[in-house]
Amino acid sequence: MDCKKVSFKGFNIYNATSYVQDHTLVNRGITTLGGSTAPQCIMSNNKYEAQERALMGGIYFVASYLTPILLIPLYNKHFLKNKGITKALEGAGNKIIEVSKQYLTPDADILKGLHETAKRLDKGNDGKFKKAFDEIYNRYNNPDKLKKDLLSVHQKVLTTDFITTAMMWSAIPWIATEFTEYRTKRHDFSAGFNLKENSLNDKNDVKKSKIKKALWNVFFTTVPAVVFAKTVTRGIGTKSSNKILKTISENAHNFDYTSGTNMSKTIYAAIWLLSSFPAKIISSRDANERKDRALRDAGLFTMFFGGDFLINNISGRLADKFLGTRIMNGDSKDLNFFQRFKLQLRNFRKLDEAKDLPPEILKKTKSVGAGLYWFALLSNTALIGFGLPKVLNKFLRHNIDKEKENLSVKNANAKAFTGISMNDFVKQ
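The sections below set out a description of the structure shown in this document. Please read these numbers as outputs of a predicted model, since none were measured by experiment.

What counts, and where the lines are drawn
- Residues numbered from 1 in each chain as written.
- Predicted model: local features only at pLDDT ≥ 70, side-chain atom pairs only at ≥ 80, totals over all residues.
- Heavy atoms only, no water.
- Core = buried A, V, L, I, M, F, W, Y, C linked by side-chain atoms within 4.5 Å.
- Buried < 20%, exposed > 50% of the residue type's maximum accessible area, 1.4 Å probe, protein only.
- Helix = DSSP H or I, 4+ residues; strand = E, 2+ residues; numbered from the N terminus.
- Contact = heavy atoms within 4.5 Å.
- Phe/Tyr/Trp six-rings, centres within 6.5 Å; stacked < 30°, edge-to-face > 60°.
- Salt bridge = Lys/Arg side-chain N within 4 Å of Asp/Glu carboxyl O.
- Polar contact = N/O pair within 3.5 Å; in protein donor to acceptor, adjacent residues only side chain to side chain.
- Expected span 1.5 Å × (residues − 1).
- Bend = angle between axes of the 7 residues up to and from the residue.

This brings us to the nonpolar core. Ile 85, Ile 96, Leu 114, Leu 146 and Leu 150 are the most contacted members of the largest nonpolar core, which has 54 residues in total. Put simply, the parts of the chain that give this core at least two residues each are α3 (47-83), α4 (110-121), α5 (128-140), α6 (143-184), α7 (203-237), α9 (265-282), α10 (287-322) and α12 (359-418). Of the residues forming this core, the biggest block, eleven residues, is contributed by α6. If sequence neighbours within four positions are ignored, Leu 146 has contacts with Ile 110, Leu 114, Ile 136, Tyr 137 and Tyr 140.

Attention shifts here to the packing of aromatic side chains. Under the defined criterion, the tally for this structure stands at nine aromatic pairs. Geometrically, the ring pair formed by Phe 228 and Phe 255 is tilted, given 6.3 Å between the ring centres and 50 degrees between the ring planes. Of this pair, Phe 228 sits in helix α7 while Phe 255 sits in the loop between α8 (243-250) and β1 (257-258), and the two are 27 residues apart along the sequence. Considered together, Phe 228 and Phe 255 belong to a single accessibility category, that of buried residues. With a centroid separation of 5.9 Å and an interplanar angle of 90 degrees, the aromatic rings of Tyr 268 and Trp 272 are classed as edge-to-face. A residue pair is termed a helical-turn pair when its members lie 3 or 4 positions apart in one helix, as Tyr 268 and Trp 272 do in helix α9 at four residues. Side by side, Tyr 268 and Trp 272 carry an identical accessibility label, which is buried. One aromatic cluster in this structure is built from Tyr 60, Trp 169, Tyr 268, Trp 272 and Phe 301.

With that out of the way, let us pick up the pattern of salt bridges. Taken as a whole, this structure holds 16 salt bridges when the rule is applied. A salt bridge links Glu 98 to Arg 120, with the shortest nitrogen-to-oxygen separation between them at 3.2 Å. Here the residue Glu 98 occupies a position in the loop between α3 and α4, and Arg 120 occupies one in helix α4, the gap between them amounting to 22 residues. Measuring nitrogen to oxygen at the nearest pair gives 3.0 Å for the salt bridge that ties Lys 239 to Asp 107. Of this pair, Lys 239 sits in the loop between α7 and α8 while Asp 107 sits in the loop between α3 and α4, and the two are 132 residues apart along the sequence. Salt bridges sharing common partners tie together Glu 49, Arg 53, Asp 292 and Arg 296.

Moving on: the side chain of Thr 164. With respect to the element layout, Thr 164 can be found in helix α6. Given a relative accessible area of 16%, Thr 164 falls into the buried group. Among the polar contacts made by the side chain of Thr 164, one reaches the main-chain carbonyl oxygen of Thr 160 at a distance of 2.7 Å. The residues contacting Thr 164, other than those within four sequence positions of it, are Leu 71 and Tyr 75.

Attention now goes to α9. Its 18 residues give α9 an end-to-end C-alpha distance of 24 Å, which sits within 8% of 26 Å, the value for a rise of 1.5 Å per residue. In α9, a bend of some 40 degrees at Trp 272 exceeds every other bend along the element. Turning to α9, its buried residues are Ile 267, Tyr 268, Ala 269, Ala 270, Ile 271, Trp 272, Ser 275, Ser 276, Pro 278, Ala 279 and Ile 282.

Attention now moves to the side chain of Thr 86. Within the fold, Thr 86 resides in the loop between α3 and α4. Note on Thr 86: relative accessible area 7%, which makes it buried. Among the polar contacts listed, one links the side chain of Thr 86 to the backbone nitrogen of Lys 81, at a separation of 3.3 Å. The contact partners of Thr 86, leaving out residues within four places of it in the chain, are Leu 80, Lys 81, Gly 93, Asn 94, Ile 136 and Arg 139.

Pasting the structure below:
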């Protein structure tokens with residue numbers, strides 16, 4: 001039996017694991033449905049909040065697949081042809097977009113990047129990708145010009161994808177809240193429907209507020225996209241002593257799109273922080289929802305980027321120590337406490353290419369590594385799904401009780417001064 005091909009009786013869980021590890025939107029989609037949607041629907045305060053969370057999670061999950069499958073390939077082909085790198089919208093040459101950005105830095109050897117990418121793509125394809133890439137390289141006859149043009153294409157793709165994704169993510173809470181408002185005629189946070197009375201905002205004020213919020217949403221879905229893409233391109237394409245640009249250049253591969261279509265965690269985090277998070281805060285219906293979204297998203301962000309990493313790091317190092325696997329990307333023996341927590345998992349997609357792993361260790365690493373990866377993902381999902389909303393629900397009840405207490409004090413003061421309470425005035 002070839003130890004590099006681990007059989008799982010018809011379903012290769014290792015291949016599924018490497019796919020989820022590489023595709024951030026799929027990973028996030030699983031976490032969203034399993035941790036941020038299904039359990040949080042169960043933990044909701046009423047049916048309207050539950051329906052909102054289900055609707056938002058469902059739309060997000062669909063959008064997670066829609067963008068990389070339908071839109072990004074179109075962006076890639078259009079911008080490559082428009083820049084003159086390829087001559088047609090179809091053909092093997094379009095796969096040049098998959099060359100890692102680490103080969104587009106000033107001192108990098110782009111030809112090496114072309115050949116490595118072609119080698120990976122040409123398995124069973126009779127060398128058509130190498131032939132296509134060589135044709136482009138020879139036609140340019142200028143490696144630096146080819147780097148510059150490829151970076152220009154990457155910048156346009158990143159800008160367009162950033163805006164598209166940010167617009168979709170920003171629209172999701174609007175769709176859900178408008179749906180609830182249409183059904184209930186209420187303009188406040190749905191989680192508090194059973195805990196307090198409807199807010200008495202004027203319809204014209206609500207409309208003006210929505211227009212203002214929508215304009216701010218447009219700002220946060222466009223301006224950060226342009227600034228971020230330009231900064232990344234400048235960092236990769238130029239030599240600079242600036243710390244930010246230098247860090248980008250040294251970590252250029254972290255801005256790659258897997259298979260040319262699926263954003264990295266770095267890009268995902270940027271869209272979340274610079275666009276999606278502000279948009280959620282802006283579109284909140286009242287102070288309670290604003291606080292809930294701020295805390296909920298902060299928790300989700302921390303757990304998504306830190307929770308599974310921490311669980312994977314600890315479980316992976318324990319497996320390497322006691323089971324003889326090589327799951328971690330490096331040896332932790334000579335590292336200090338903090339350096340050990342910086343170790344990451346090996347890239348499962350490239351594990352078969354590892355020359356330092358004997359067949360028997362490779363087989364065990366793939367099997368155990370896949371199991372631990374899913375254990376970390378599901379454990380993290382459970383913490384997000386049940387632990388976070390339990391804390392937030394208590395926080396919401398505390399805030400609403402405090403609001404009621406403050407309102408009672410105001411009513412008592414108003415009645416003592418005028419003989420009429422605020423509630424009496426509203427009824428009149």
